[in-house]
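# Breakdown of the fold
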Amino acid sequence: MGEKLVSWILFLHLLVIMSSYGGSRARELAGTENKLQAISADDEHQTAHTHHHHHSHVDPSVMVFFTLKDLKVGKRMPIYFPKRDPATSPKFWPREKADSVPFSLNQLPNLLNFFSFSPDSPPAKAMEDTLKECESKPIQGEVKFCATSLESMLDFTHSILGLESDDLQVFATSHLTKSSVTFQNYTILENIMRISAPKMVACHTMPYPYAVFYCHSQESENRVYKVSLVGDNGDKVEAMVVCHLDTSHWGSGHVSFQILGVTPGSSSVCHFFPADNLIWAPKLQAHGLSTM
Ligand SMILES: *[C@@H]1O[C@H](CO)[C@@H](O)[C@H](O)[C@H]1NC(C)=O
């Protein structure tokens, strides 16, 4: 009973955190395992064969990728961590409210009208991109769902992990220091923790007038890690990492391949999670964490 209460309190705490975040610049990761092309076709052409040390013209927001062999203590690499302003981030809507508004690309004109966005405005474009991303077909071996409320995110997570609320755990990157630096070199400190998660659901914030999470789960082997990072400026981050061991079903235009200079299936791809993205996993008795 006591444990139940604690997890409920943690859950409420999470709710508060999540409702104060919920980003507007999350496309970089929402597109991590799907078809987002963060680099134009032109850039793609130029960077296809370059190694990740030569990325000077690449948008820093895609600097979250690395390969498993670089996941080691002492490794230093440039990483982008978005810092979102909680005050202006979209809030969760209760399920009843979210369900009363269509969430569909073919309703876009009505939705723009509903939210009073003019058709060519940046928020209108963001809504369109989010709806497109949400309606895109999952890749082979992937199940995806855009959650328009916390309740629907939990329902989806349960449907994949097949558990009661008590048996779920959620992980997120946390910034232990306050600073406005979003892109710098970080060094991996000791205690790389592998979280044993036979199955997981990753949820990425999407730009939308209210909180929308792109949640998905892949059949292929994934690993979840928690790593301690220190930035060149002294920033400390407890960062969540997911490594995809099988990338053979990913499109060859995937931005990570361009950053890392690898091809589908030839290499693992790992990525850091921004603070407002979530990783859900079953809670395993006593052995949730183990050192690598
Ligand atoms: C990271 O360090 C390398 C080598 O020390 C440097 O060339 C690069 O500009 C740094 N990147 C950032 C984002 O500070």
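Residues numbered from 1 in each chain as written. Predicted model: local features only at pLDDT ≥ 70, side-chain atom pairs only at ≥ 80, totals over all residues. Heavy atoms only, no water.

### Notes on the overall build of the protein chain
A tally of helices and strands in the protein chain yields 8 helices and 14 strands. Burial status across the protein chain gives 48% buried among its 292 residues. For the protein chain, the proportion of contacts with a sequence separation of at least 24, taken over those separated by at least 6, is 77%. With an accessible surface of roughly 14000 Å², the protein chain has 56% of that area assigned to carbon and sulfur atoms. (Helix = DSSP H or I, 4+ residues; strand = E, 2+ residues; numbered from the N terminus. Buried < 20%, exposed > 50% of the residue type's maximum accessible area, 1.4 Å probe, protein only. Contact = heavy atoms within 4.5 Å. Areas by Shrake-Rupley, 256 points an atom, 1.4 Å probe, with all protein chains shown as cover.)

### Digging into the site of the ligand
The full set of residues close to the ligand is Arg76, Phe183, Gln184 and Asn185. Considered on its own, the ligand offers 360 Å² of accessible surface; in the complex 39% of this is hidden by protein. In terms of residues, the shell around the ligand owes the most to one element, strand β6 (residues 183-188), which gives 3 residues. Here the shell around the ligand is built from residues that sort into 1 nonpolar, 2 polar and 1 charged. (Near = heavy atom within 4 Å. Nonpolar A, V, L, I, M, F, W, Y, C, P; charged D, E, K, R; others polar.)

### Structural notes on the sheet that holds strand β4 (residues 168-171)
What the 5 strands build is an open sheet, ordered β3-β9-β8-β13-β4; its pairing is antiparallel. One side of each edge strand has no neighbouring strand; the edge strands of this open sheet are β3 (142-147) and β4. Neighbour-to-neighbour, the strand axes of the sheet open up by a mean angle of 20 degrees, direction not taken into account. As paired elements, strand β8 (residues 201-206) and strand β13 (residues 278-282) share 3 bridges and run antiparallel to each other. Counted as the bridge partner of Cys203 is Leu278 from β13. (Pairing = 2+ DSSP bridges. Axes fitted to C-alpha atoms, helices over the stretch in contact; angles between N-to-C directions.)

### Comments concerning helix α6 (residues 122-135)
Count 3.6 residues to each turn of an α-helix, and residues three or four apart come out pointing the same way. In a regular helix each residue adds 1.5 Å, so 14 residues correspond to 20 Å; α6 covers 20 Å between its end C-alpha atoms and thus fits that length. Listing the buried residues of α6 in full gives Ala124, Met127, Asp129, Thr130, Leu131, Glu133 and Cys134. (Expected span 1.5 Å × (residues − 1).)

### Points about the packing of helix α5 (residues 108-115) against α6
Where α5 meets α6, the closest approach of the two axes is 11 Å, and the angle between their N-to-C directions is 140 degrees. Comparing the axis directions of α5 and α6 gives the class oblique. Remark: the crossing between α5 and α6 carries right-handed chirality. In this structure, α5 uses Leu108, Leu111, Leu112 and Phe115 to contact α6, whose residues at the interface are Ala124, Met127, Glu128 and Leu131. (Parallel < 35°, antiparallel > 145°, perpendicular 65-115°, else oblique. Left-handed = near helix turned anticlockwise from the far one by under 90°.)

### A few points about unusual backbone geometry
Although it is not a glycine, Ser116 sits at a positive phi angle of roughly 60 degrees. Relative to the helices and strands, Ser116 is located in the loop between α5 and α6. One non-glycine residue with positive phi stands out, namely Asn191, at about 65 degrees. Here Asn191 lies in the loop between β6 and β7 (193-195). By relative accessible area, which is 52% here, Asn191 ends up exposed.

### Considering α5
Restricting attention to buried positions, one finds in α5 the residues Leu108, Leu111, Leu112 and Phe115. Along α5, the residues classed as buried sweep out an arc of 100 degrees about the axis, all on the same side. Pointing more than 90 degrees away from the buried face of α5 are the exposed residues Pro109, Asn113 and Phe114. Where the residues of α5 are buried, they touch α6. (Arc of directions from axis to C-beta.)

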